[in-house]
Amino acid sequence: EKQKGPSSSMAARTLRQEGVVRLNGILSPSTATTLRTEILERRSAAYAAVSSPGSDSNEWRKYFADVLLKKERCDLLLPLKGEFTLQTALHELLVSSNLLHTLLVTALGGDDVTLYELSALISEPGSPRQPVHPDNPYQDVPPLLTVFIALQDILPGMGPTSFLPRSHTAATHAAYNDSVPARDELLQQSSSVAALLRAGDVALFDSRTMHCGGANDAVEGDTRVLLYLSFRNPRATEAIGNVGSMLPSIPSTTLRELRAKLSRGTTGTDPFDDAQETESILRSLRLAAAQGDARSQLQLGTHYYLGEGGVGDVNPIEAVRWFERAADQGLAHAQFNLGFCYSVGMGVTEVDVERATELFLKAAEQGHPGAREAYDEARG
């Protein structure tokens, strides 16, 4: 049974004070199960590629990131393009549920934070306990927030992540970095909480918070898969001390942009496939233009004029056709563009200075910048 989670204000306060907060049921169990299966299949394919004859010593970097203590543990990099289950999961996490998005924006100061990591942590029975560590050195502004999402119920024998609440402070980091005895004393005196998450639950934590992956018991353990992503805070200007676990093919993307793309993914196209995305946008633009939207007609004409936006090569005749439709509806910029085409004979049968002058005047009367100068020049 799903447990009721904290309100956004309570969760934000807990994250700020404790450095970590649990969010229940952010991802649906069915999506978690399907994604877990696909991630394990991807790991098998990656292992096969790395161990295949002829692969070089750096082949693993195409599929895996470095992870602290590699025995029976891996950090599997995940692509976005063509991965519809992962896209569905991210939609549930960041769009369908406002809680996680609200916390990210509140804690990091805006939706201009950038996606820094997208990967899966997988541990197998026999994987040893990691040493306690922060992901980033201390700085006054939180540099990253990291999201761990359980893709199956995490039982004690599976090596759940342990967090040291309130360890994201300058004082704790100073003691941790002071000396081995000081670190040992700190860890002995610190309380910890184990992230015994249900499938679809989230642990959201400040990357300065001390934590470690537990030992996955060789007898009582099982394969543990965590989807994780992190967001970098542009207001934290000091070095963060690590390279994000994310494929280089994924471009820098803000949380705002990521949510917009994920929202467009519900239309049946892949928002992370540039060709599909361009085709989808063009299809919507054509429909709006055909239905009489003047700005869409202007935009479509501009695409044809420049040969961009997925329309193919430059096509002045099509450009003029759509400029005409928008200009007939009184759109000043379309009148100006159409006037230019008539003034130089582009996309029309011949130069028509009289028609160009008329169009420049109409645009100038609406305050279009440059139209008055074009009108005066056309008049000679």
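My aim in this report is to walk through the structure given alongside it, one point at a time. Because the structure is predicted, anything quoted here is derived from the model rather than measured.

About the criteria used
Residues numbered from 1 in each chain as written. Predicted model: local features only at pLDDT ≥ 70, side-chain atom pairs only at ≥ 80, totals over all residues. Heavy atoms only, no water. Buried < 20%, exposed > 50% of the residue type's maximum accessible area, 1.4 Å probe, protein only. Helix = DSSP H or I, 4+ residues; strand = E, 2+ residues; numbered from the N terminus. Expected span 1.5 Å × (residues − 1). Contact = heavy atoms within 4.5 Å. Polar contact = N/O pair within 3.5 Å; in protein donor to acceptor, adjacent residues only side chain to side chain. Pairing = 2+ DSSP bridges. Salt bridge = Lys/Arg side-chain N within 4 Å of Asp/Glu carboxyl O. Phe/Tyr/Trp six-rings, centres within 6.5 Å; stacked < 30°, edge-to-face > 60°.

If a residue is not glycine, its phi is most likely negative; likewise, a peptide bond is most likely trans. The phi torsion at R166 lies on the positive side, around 65 degrees, for a residue other than glycine. Overall, the relative accessible area of 47% leaves R166 in the partly exposed class.

All right, on to helix α12 (residues 353-365) then. Its 13 residues place the ends of α12 18 Å apart at the C-alpha level, agreeing with the 18 Å of an ideal helix rising 1.5 Å per residue. Taken together, the buried positions of α12 are occupied by R355, A356, T357, L359, F360, A363 and A364. In this fold, the buried residues of α12 make contact with α10 (316-328), α11 (332-344) and α13 (371-379). One side-chain oxygen at the N-terminal end of α12 lies 3.4 Å from the backbone nitrogen of E354; it belongs to D352. Positioned one or two residues after α12, G367 has a phi angle of 85 degrees, which is positive.

On to the sheet that holds strand β9 (residues 211-212). By definition, the strands of a sheet pair up through backbone hydrogen bonds, in either a parallel or an antiparallel sense. Taking strand neighbours across the sheet as the criterion, the three strands line up as β7-β6-β9 in an open arrangement whose pairing is antiparallel. Looking at the sheet topology across the chains shown, the edges are occupied by β7 (193-194) and β9. Here strand β6 (residues 162-163) pairs with β9 via two bridges, running antiparallel. Following the sheet pairing, F163 is matched in β9 by H211.

Pairs can form between side chains of opposite charge whenever their charged atoms are close. Applying the stated rule across the entire model yields 13 salt bridges. Among the salt bridges present, the one from R166 reaches E18, with a minimum N-O distance of 2.8 Å. Here R166, found in the loop between β6 and α5 (170-178), pairs with E18, found in helix α1 (residues 8-18); they are 148 residues apart in sequence, far enough to count as distant. The salt bridge involving R198 is made with D153; its shortest N-O contact spans 3.4 Å. Residue R198 is found in the loop between β7 and β8 (202-206), and its partner D153 is found in the loop between β5 (144-150) and β6; the two are separated by 45 residues along the sequence. What emerges from the salt-bridge pattern is a single network uniting E324, R355, E358 and K362.

Attention now goes to the packing of aromatic side chains. Counted by the stated rule, this structure contains five aromatic pairs. Seen in terms of ring centroids, F148 and F205 are 5.0 Å apart; in terms of plane orientation they differ by 75 degrees. Their pairing is edge-to-face. Taken together, the residues span a long stretch of sequence, with F148 in strand β5 and F205 in strand β8 at a distance of 57 residues. Taken as a pair, F148 and F205 share a single burial class, namely buried.

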